[in-house]
Amino acid sequence: MSSKALENIANFRQLCLNTAKIYRSSFPERATEKDVKYLKETLGIRLIIDLREPNEEGDALHLRDAYKTVVVREVELENMKANCTTGQFLIKDMPHVHLALGFVSKKYYHLINSLLTDDHKKDLVESCSNTPKNIKQNIAKRGLTQMYKDFIDTSQTFIYTMLTLLSDPNNVPALIHCTAGKDRTGIASALIQTCVGLSKEHVIDDYDATTEGMRPIYDEIYKHYNDVQGMAEEFLTSERETMASTLAYIDEMHGSVQEYLTKCGFNSQEQEKLKRNIMITNPQEQQQCM
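Keep in mind that what you see is a predicted model, and the values were worked out from it rather than measured. Residue positions are counted from 1 within each chain, in the order its sequence is given. Only residues with pLDDT of at least 70 are given local features in this predicted model, and only at 80 or more are side-chain atom pairs given and counted; all residues enter the totals for whole chains, interfaces and linings. Each side-chain value is derived from all of the structure's non-hydrogen atoms; neither hydrogens nor water enter the calculation.

J.: I keep staring at the overall build of the protein chain and nothing clicks. Help me out?
T.: For the protein chain, the helix and strand inventory stands at 16 helices and six strands. Counting every position in the protein chain, which comprises 290 residues, the buried fraction comes to 56%. Considering only contacts within the protein chain whose residues lie at least 6 apart along the sequence, 76% involve residues at least 24 apart. Just so you have it, the protein chain exposes about 12800 Å², and 48% of that area is on carbon and sulfur atoms. Only DSSP runs of H or I covering at least 4 residues are called helices, and only runs of E covering at least 2 are called strands; the numbering of each starts at the N terminus. The classification of residues rests on relative accessible area computed with a 1.4 Å probe and restricted to protein chains. Under 20% of the type maximum is buried, over 50% is exposed, and intermediate values are partly exposed. It only takes one pair of heavy atoms within 4.5 Å for two residues to be counted as in contact. Accessibility throughout is a Shrake-Rupley quantity obtained with a 1.4 Å probe, and a residue counts as covered only by protein chains that appear here.

J.: I'm lost on the pairing of strand 6 (residues 174-177) in this one. Help?
T.: Burial of the side chains of strand 6 extends over both faces: Ala174 and Ile176 are buried on one face and Leu175 and His177 on the other. By the convention used here, strands pair only if DSSP detects at least 2 bridges between them. Strand direction decides the pairing type here: strand 2 (residues 22-25) and strand 6, joined by four bridges, are parallel. Residue pairing for strand 6: tyrosine 23 is matched across the bridge by leucine 175. In terms of strand pairing, strand 3 (residues 47-50) meets strand 6 through four bridges, oriented parallel. Across the sheet, residue leucine 47 finds its bridge partner in strand 6, namely alanine 174.

J.: When you look at the pattern of salt bridges in this model, what are you seeing that I'm missing?
T.: Oppositely charged side chains may form a pair once their charged atoms are brought near each other. Think of a salt bridge as a Lys or Arg side-chain nitrogen and an Asp or Glu carboxyl oxygen that are within 4 Å of each other. Taken as a whole, this structure holds 16 salt bridges when the rule is applied. Close ionic contact of aspartate 206 with arginine 13 constitutes a salt bridge, the shortest N to O distance being 2.8 Å. Placement of the pair is aspartate 206 in helix 10 (residues 200-208) and arginine 13 in strand 1 (residues 13-14), with a sequence separation of 193 residues. Residues aspartate 206 and arginine 13 agree in their burial class; the two are buried.

J.: Would you take a moment to explain the packing of helix 9 (residues 184-195) against helix 10 for this structure?
T.: For any two helices packed against each other, one specifies the inter-axial angle together with the distance between the axes. Between helix 9 and helix 10, the least distance of the axes is 9 Å, while the angle of their chain directions is 155°. Regarding the angle of helix 9 to helix 10, the classification is roughly antiparallel. Seen from above, helix 9 lies across helix 10 with right-handed handedness. Of the residues in helix 10, those in contact with Ser189, Ala190, Gln193 and Thr194 of helix 9 are His202, Val203 and Asp206. Of the residues belonging to the contact of helix 9 with helix 10, the class tally is two nonpolar, four polar and one charged. Interaxial angles span 0 to 180 degrees and are taken between N-to-C directions of axes, which are lines fitted to C-alpha atoms, for helices over the stretch in contact. Angular relationships are summarised with four words: roughly parallel below 35 degrees, roughly antiparallel beyond 145, roughly perpendicular across 65 to 115, and oblique for the angles in between. Left-handed describes a crossing whose near helix is turned anticlockwise from the far helix through less than a right angle; right-handed describes the clockwise counterpart. Think of it as three bins: nonpolar holds Ala, Val, Leu, Ile, Met, Phe, Trp, Tyr, Cys and Pro, charged holds Asp, Glu, Lys and Arg, and polar takes everything else, Gly as well.

J.: Just to check I follow, could you spell out the sheet that holds strand 6 for this structure?
T.: Read across the open sheet, the six strands follow the order 1-2-6-3-5-4; overall the sheet is mixed. One side of each edge strand has no neighbouring strand; the edge strands of this open sheet are strand 1 and strand 4 (68-71). Two elements, strand 3 and strand 5 (residues 97-100), share four bridges in a ladder whose sense is parallel. Bridging across to strand 5, isoleucine 49 finds its partner in leucine 99.

J.: For this particular structure, what's the right way to read unusual backbone geometry?
T.: Both trends apply: most residues other than glycine have a negative phi, and most peptide bonds are in trans. Of note, the amide linkage connecting methionine 94 to proline 95 takes the cis form, showing an omega dihedral of 0°. With respect to the helices, strands and loops of the structure, proline 95 is situated in the loop between helix 3 (74-82) and strand 5. Positive phi, close to 55°, is recorded for leucine 17, a residue that is not glycine. Looking at the element boundaries, leucine 17 is found in the loop between strand 1 and strand 2. A positive phi is found at cysteine 84, a non-glycine position, where the angle reads about 55°. The residue cysteine 84 is located in the loop between helix 3 and strand 5 in this model. Given the relative accessible area of 66%, cysteine 84 is considered exposed.

J.: Explanation requested: helix 1 (residues 33-42) in the structure shown.
T.: Note: α-helices contain 3.6 residues per turn, so residues at a spacing of three or four share the same orientation. Those residues of helix 1 that fall on the buried side of the exposure criterion are Asp35, Val36, Tyr38 and Leu39. All buried residues of helix 1 lie within an arc of 155° about the axis, which places them on one face of the element. In helix 1, the exposed residues that point more than 90 degrees away from the buried face are Glu33, Lys34 and Glu41. Contacts from the buried residues of helix 1 go to helix 2 (61-66) and strand 6. The directions considered for the arc run from the helix axis to the C-beta atoms.

Here it is, written out as structure tokens:
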């Protein structure tokens, strides 16, 4: 499944060699009425998970008419995880929800804050889109691969919540997206793909496909990251080595992706449940999702 069937959603594709009920994309705000109908009726997407910060979101005219927007804060996610109630907040609104979940945690900004000079610390704002340009430049100095590693170290609550939601049959098929569909979505996709047993080579191939997938929105993304936020051009790339290094880091620090997810609170039984829920084994069902 590629973006050819869609008019105005870039970097769209199905995960796991077209054998999962999960899709990924860039921002969907400009989806046409035809696009939304395709997502909702043809693919049967029930849940859209938005990994962006609240202030990154645009006005999704057609999407908001078809999918109810639900916003959840990080502190709420932490409380639900502690109380084993993750996912229950969606029951009353499902199906057809556009969930503003997020991905970049306060831990991440505290980490960056600890590395800044005193002059810059006072400027730090805990919102990706509101972070001052000089702070973004400091993040850029650490490099794209290090940013991915930092996300692995600090986004566990968001990752746990996302995977728990995708383990519920009521929430799939589902679409995951951020702005470009490259970084936050790339990490989320890699964790899902590895969790259900796909090879690292496939994960890296899928990440690499973002170079072509972003082409329709590249100029806009370039302006957003480079001109407006002052980020290095490296942050516009999806080089194979970036994802390879991220996966190697997980193995080095945690033993495997599966062990890392267990440390996030998503144990082996839950991982198996996710696999059963999202993987397509029936050829007829697979055809419906393509």
